[in-house]
Amino acid sequence: MLRVELTELRKRFGSVQALDGAGLEIAAGEVHALLGENGAGKTTLVRALYGVVRPDSGSIRIDGELVQLRGPRDALELGVGLVHQHFMLVPELSVAENLALGERGGLLLGPRALRSHAAGILERYDLGFRPDLRVGELSVAQKQRLEIARALSRGVEILVLDEPTAVLVPSEIDSLLELLSRLREQGCSVLFISHKLDEITAVCDRVTVLRNGRNVATREVPGIELRELGELMVGSELPPPGQPPRTQVGPVVLRARGLTTPPLVGVDLELRAGEVFAIAGIDGNGQTPLEEVLAGVRVLESGSLELVQPPLALISGDRQRTGLVLGLGLDENLVLEEAARGGAPPEYRFGLVRPRELRRSASAAIERLGIRAAPDDPVRTLSGGNQQKICVARALRRDPCALIAVNPTRGLDVRATAQVRDELRAQAERGAGLLLISTDLDEVLELANRIAVLFRGQLYPVAPAEHTRERIGELMLGGAAA
Amino acid sequence: MRRAELVAPVAAILAALALSALLLLLLGANPVDALGALVKGAFGDRLALENTLVRMAPLLLIGAGISIAFRCGVWNIGGEGQLYAGALVATWVATRLLPGAEAVLLVPLVLLAGAAAGALWGGIAAGLRVGRGVSEVLSTILLNFIAVLGVAWAVHGPLQELSGAYPQSDTFPAAARLPMLPGSLRVHAGVLLAMVLPVAIWILLFRSAAGLRLRAVGLSPEASRYAGIYPLRETVRVLLISGGLAGLAGAVEVSGVTGRLFENLSPGYGFTGIAVALLARLHPLGVLPAALLFAALASGSGAMQRIAGVPAVTVQVIEAFVIFFSVGFALPRRNG
Ligand SMILES: Nc1ncnc2c1ncn2[C@@H]1O[C@H](COP(=O)(O)OP(=O)(O)OP(=O)(O)O)[C@@H](O)[C@H]1O
Ligand SMILES: [Mg+2]
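Residues numbered from 1 in each chain as written. Chains lettered and ligands numbered in written order. Predicted model: local features only at pLDDT ≥ 70, side-chain atom pairs only at ≥ 80, totals over all residues. Heavy atoms only, no water.

Q: Got a minute to help me understand the overall build of chain A in this structure?
A: Check the secondary structure of chain A and you find 16 helices and 21 strands. The C-alpha radius of gyration of chain A comes to 23 Å, within 12% of the 23 Å expected for a compact globule of 482 residues. Taken along its principal axes, the extent of the C-alpha atoms in chain A is 65 × 55 × 50 Å. Counting across all 482 residues of chain A, residues that qualify as buried make up 54%. For chain A, the proportion of contacts with a sequence separation of at least 24, taken over those separated by at least 6, is 67%. Here chain A has roughly 20300 Å² of accessible surface; of this, 49% comes from carbon and sulfur atoms. For chain A, the separation between the mean place of its 57 positive charges and that of its 64 negative charges on side chains is 4 Å. (Helix = DSSP H or I, 4+ residues; strand = E, 2+ residues; numbered from the N terminus. Rg over C-alpha atoms; globule rule 2.2 N^0.38 Å. Buried < 20%, exposed > 50% of the residue type's maximum accessible area, 1.4 Å probe, protein only. Contact = heavy atoms within 4.5 Å. Areas by Shrake-Rupley, 256 points an atom, 1.4 Å probe, with all protein chains shown as cover. Lys, Arg positive; Asp, Glu negative; His and termini not counted. Charge placed at Lys NZ, Arg CZ, Asp CG, Glu CD.)

Q: So what exactly am I meant to see when it comes to the sheet that holds strand S9 (residues 206-211) of chain A here?
A: Working definition: the strands of a sheet are paired by backbone hydrogen bonds and lie parallel or antiparallel to each other. Residue and element names in this part refer to chain A. Strand order in the open sheet formed by six strands is S6-S7-S8-S3-S9-S10, with mixed pairing between adjacent strands. Only two strands of the sheet have a single partner each, and these edge strands are strand S6 (80-83) and strand S10 (214-220). Within this sheet the neighbouring strands show an average axis-to-axis angle of 20°, counted without direction. Bridge count for S9 against S10 is six bridges, and the pairing is antiparallel. Bridge assignment links threonine 208 to a residue of S10, and that residue is threonine 218. Here helix H1 (residues 42-49) sits on the sheet and contacts strand S3 (31-36), S6, strand S7 (158-162), strand S8 (189-193) and S9; the angle it forms with S3, its principal contact strand, is near 140°. (Pairing = 2+ DSSP bridges. Axes fitted to C-alpha atoms, helices over the stretch in contact; angles between N-to-C directions.)

Q: I tried to follow the pairing of strand S21 (residues 458-462) of chain A on my own but got confused; where do I start?
A: Two faces, one strand: in a regular strand the side chains alternate between the faces of the sheet. All names here are of chain A. Relative to S21, strand S20 (residues 450-455) runs antiparallel, the two being bridged by five bridges. Across the sheet, the residue bridging to phenylalanine 455 is glutamine 458, located in S21. Between S20 and the antiparallel strand that follows it, S21, lie two residues; arginine 456 among them carries a positive phi value of about 45°.

Q: Any chance you could explain the coordination of the magnesium ion (ligand 2) here in plain terms?
A: Expected angles at a metal are 109.5 degrees for tetrahedral coordination by four donors and either 90 or 180 degrees for octahedral coordination by six donors. All names here are of chain A. Listed as protein donors to the magnesium ion (ligand 2) are Thr43 (OG1) and Gln85 (OE1); their distances from the metal cover 1.9 to 2.3 Å. Residue threonine 43 is located in helix H1, and its partner glutamine 85 is located in the loop between S6 and helix H3 (95-100); the two are separated by 42 residues in the primary sequence. Of the residues examined, glutamine 85 reaches a relative accessible area of 15% and is grouped as buried. (Donors = N, O, S within 2.8 Å, 3.2 Å for Na, K, Ca; no water.)

Q: Please clarify how the side chain of Arg3(A) should be interpreted in this entry.
A: Residues and elements named next belong to chain A. Tracing the sequence through the fold places arginine 3 in strand S1 (residues 2-13). For arginine 3, a relative accessible area of 9% corresponds to the buried category. A polar atom in the side chain of arginine 3 sits 3.2 Å from the side chain of glutamate 157. When neighbours within four sequence positions are excluded, arginine 3 is seen to be in contact with Ile26, Ala27, Ala28, Arg61, Ile62, Asp63, Glu157, Ile158 and Ser189. (Polar contact = N/O pair within 3.5 Å; in protein donor to acceptor, adjacent residues only side chain to side chain.)

Q: Would you mind showing me how to read the site of ligand 1 here?
A: Residues and elements named next belong to chain A. Gly39, Thr43, Thr44, Ser383 and Gly385 are the nearest of the 21 residues found near ligand 1. Measuring from an oxygen atom of ligand 1, one finds a backbone N or O atom of glycine 385 at 2.6 Å. In the complex, the protein chains occlude 87% of the 640 Å² of accessible area that ligand 1 would expose alone. Considered class by class, the residues forming the shell around ligand 1 number five nonpolar, twelve polar and four charged. Residues lining the shell around ligand 1 come from more than one domain, with at least three contributed by each of domain 1 (2-234) and domain 3 (324-395). (Near = heavy atom within 4 Å. Nonpolar A, V, L, I, M, F, W, Y, C, P; charged D, E, K, R; others polar. Domains from an automatic or database assignment.)

Q: Help me understand the confidence of the model for chain A in this model?
A: Where the model shows low pLDDT, its predicted coordinates should not be examined in detail. Chain-level statistics for chain A give a pLDDT mean of 91 and a share of 99% at 70 or above. Ranking the elements of chain A by mean pLDDT puts helix H8 (residues 226-234) of chain A last with 83 and strand S18 (residues 402-406) of chain A first with 97. (pLDDT = per-residue confidence, 0-100.)

Q: Help me understand the packing of helix H11 (residues 330-340) of chain A against helix H12 (residues 355-369) of chain A, please; the structure alone is not making it clear to me.
A: Residue and element names in this part refer to chain A. Remark: H11 packs on H12, axes separated minimally by 9 Å, with the N-to-C direction vectors making an angle of 95°. As judged from the angle between their axes, H11 and H12 are roughly perpendicular. Two secondary-structure elements touch here, H11 through Leu330, Asp331, Leu334 and Val335 and H12 through Leu358, Ser361, Ala362, Ala365 and Ile366. Residues belonging to the contact of H11 with H12 are distributed by class as follows: seven nonpolar, one polar and one charged. (Parallel < 35°, antiparallel > 145°, perpendicular 65-115°, else oblique.)

Q: Any chance you could explain the interface of chain B and chain A here in plain terms?
A: By a widely used convention, the size of an interface equals the accessible area lost when the partners come together. Listed as interface residues are 23 residues of chain B and, on the opposing side, 27 residues of chain A. Between chain B and chain A, the buried area comes to about 2200 Å², and carbon and sulfur atoms account for 60% of it. Ranking the residues of chain B by area buried against chain A places Leu212(B), Tyr226(B) and Ala227(B) at the top, with a combined share of 31%. Here chain B and chain A share two salt bridges between them. (Buried area = accessible area lost by both parts, 1.4 Å probe. Salt bridge = Lys/Arg side-chain N within 4 Å of Asp/Glu carboxyl O.)

Q: Is there a simple way to explain the packing of helix H4 (residues 79-97) of chain B against helix H10 (residues 231-258) of chain B in this structure?
A: Packed helices, taken two at a time, are described by their axes: the angle between them and the distance between them. Residue and element names in this part refer to chain B. At a minimum axis distance of 7 Å, the contact between H4 and H10 shows a crossing angle of 50°. Taken together, the axis directions place H4 and H10 in an arrangement best described as oblique. For H4 against H10, the interelement crossing comes out right-handed. Only Ser242, Gly243, Ala246, Gly247, Ala249, Gly250, Ala251 and Val254 of H10 make contact with H4, whose side of the interface consists of Gly79, Gln82, Leu83, Gly86, Ala87, Ala90 and Thr91. The residue inventory of the contact of H4 with H10, partitioned by class, reads seven nonpolar, eight polar and no charged. (Left-handed = near helix turned anticlockwise from the far one by under 90°.)

Next comes the structure, spelled out in structure tokens:
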């Protein structure tokens, strides 16, 4: 039986035809994957199914009924739930308040009822945190489980997950995939968006591939080859995985001594010109504080940070909160860092913008990284992967001597991932020191000359002989601390 | 301003008009006649037009200043106080410090003094924010009272006219008065200045690197900090600028219109300026038509009372409708 049938959906945003006749069918008890390049229209398609985007034309059937969705409430009523690509929880509110939000009459609950309502859900979905915890204090994986639990608690039987694994580490991904299989056994249908092909082959029954807002193919997953999937998606052959750069290591460009700010304790590190130094680890072991210290927005309890060789550039790990100003255009986001400290980007003369120059360099960045957008599009309207590319483009603009990249390929499709990794490698080959802070082991192994693992605020160097998935995976779980 | 952005302000004005017509009906007046009288009173003859333009000047200056402040996420509610501070210091310069100076020197000095005083008044709020973390909403509101009372004290004390007859300052020497613009309309040069400055503010906000910083901070303080901007520094800057513009409005008022300082100098320009900025969707160029509208409402109210027999205070209700709907329809989504 078909639970969801999307046919010939079209949606235009200004000059962008986000959906151009896309469609999809999900059977009962099926885990269906949706694959496509950045900007292919995946998010738009699922937002149409969730009633947030109203398609210009095309039809949506749920359980055989033709439906007009006026908003998420309609979708939820029909059993469709969506966990967004960028979380929709309110960080200032507690877990319990977030669970009550959007629930009919949820805001009228008294504090006691609020707690017990939340406690029930947390219990049922086996989430081990307290209902009065502020959501801002949860780790990424916890937030995501909370979002899924919130959807399921509303009786969702068709669960849509938009790039849920982009922010997770391997062990968390495994347990998410397990959850999906469990849901399938219970008769739920799942629509699963991911750029990671191995995840799709691990749990999905069928996969639909989208390109430029159109369907390219729908295939049974068992028996399909990874390479074939990738090629369906990008329409050409996939580049082979790369190797760490082989360059002469130069002088120190960035030096940190005894960095201490909770949870970091006495972190020492030296970054040298021409090398890629990777800090692997599971999110929540001090990655964010370390990024904040390196970005200069966090005060240290003790220790020192010395930028021996400016300029420094940062690819922030949270593109929507700290990486980009979503309300500004792509062009202005690109030059923001240089305009920041009274410095003048080359697109400005006497402090005033030269519009033609600004447009030209924005177009150049668009070209270079294959960003699907116009130069002055507000960044808010771009797809997640395209936003990520802007963060990368901005950091590469100034030929930094020290480059800090926090999960630089998060949310990028396979081709863009390969391309960004090439760009990063090229930076090291040019003589920049690259500090890669990443939760993605493949990325670490593909780029790093030197690796350390961040665990509970401490840095554990990994000997070159131990540069293997297994050993690093162990260390990430505390293998060296024990 | 993109075309789509015009929809909300126009809708706000139309809604306010509709509700005003209803109100006029309830008052027993013919809305068409009454509003016609209002328009006539604002634009009908030379005198009416002059009156409207002169009232527009302070609204333009304050509205442009508020726009840039709000764009930076700085809620400066202190336009009124900054205007009074500017008027006070401008009067001191004109009547006490340099009453004998030449016009070429004195007029610019009076205006600069007013702007500087307004900037200082905004700067106090900035200092409190930086030093003590006091919200500028609170401090600017409170500073309004201090400035208004300060002017009251001054015209009863140190700046009172030498004859001591009334609580007001001496009249400005002719050399301290803003000259009239050439042409048949008798309006002071401050009107032209007030029409030019919003354009300058627009360039600052949308064409300069400094303006990019201001807007970035207003849209996302977090991402701005990561990019290397110091949000507090921008807060200080923008309070100085918008305070300076309001102070300049005060100087223009005493030097161009009244020729002396007294209590109740401003009919609430500092507050109407906020409405102007909101109706303009915080766009410095949108401030031009928005200020014209509010000035016309104020200057047409007398004629409406005379011709259509509707109490002049009705206009305040109409103004309130416009403000209400501009906030409802026209407030730009801060992050959109
Ligand atoms: N609200 C919007 N306004 C304007 N353009 C939009 C809007 N939403 C999406 N788009 C455009 O539609 C296209 C498809 O975007 P969508 O977010 O669906 O891509 P996606 O397949 O989810 O990509 P990603 O893998 O990067 O998340 C993009 O080019 C994007 O810029
Ligand atoms: Mg997406």
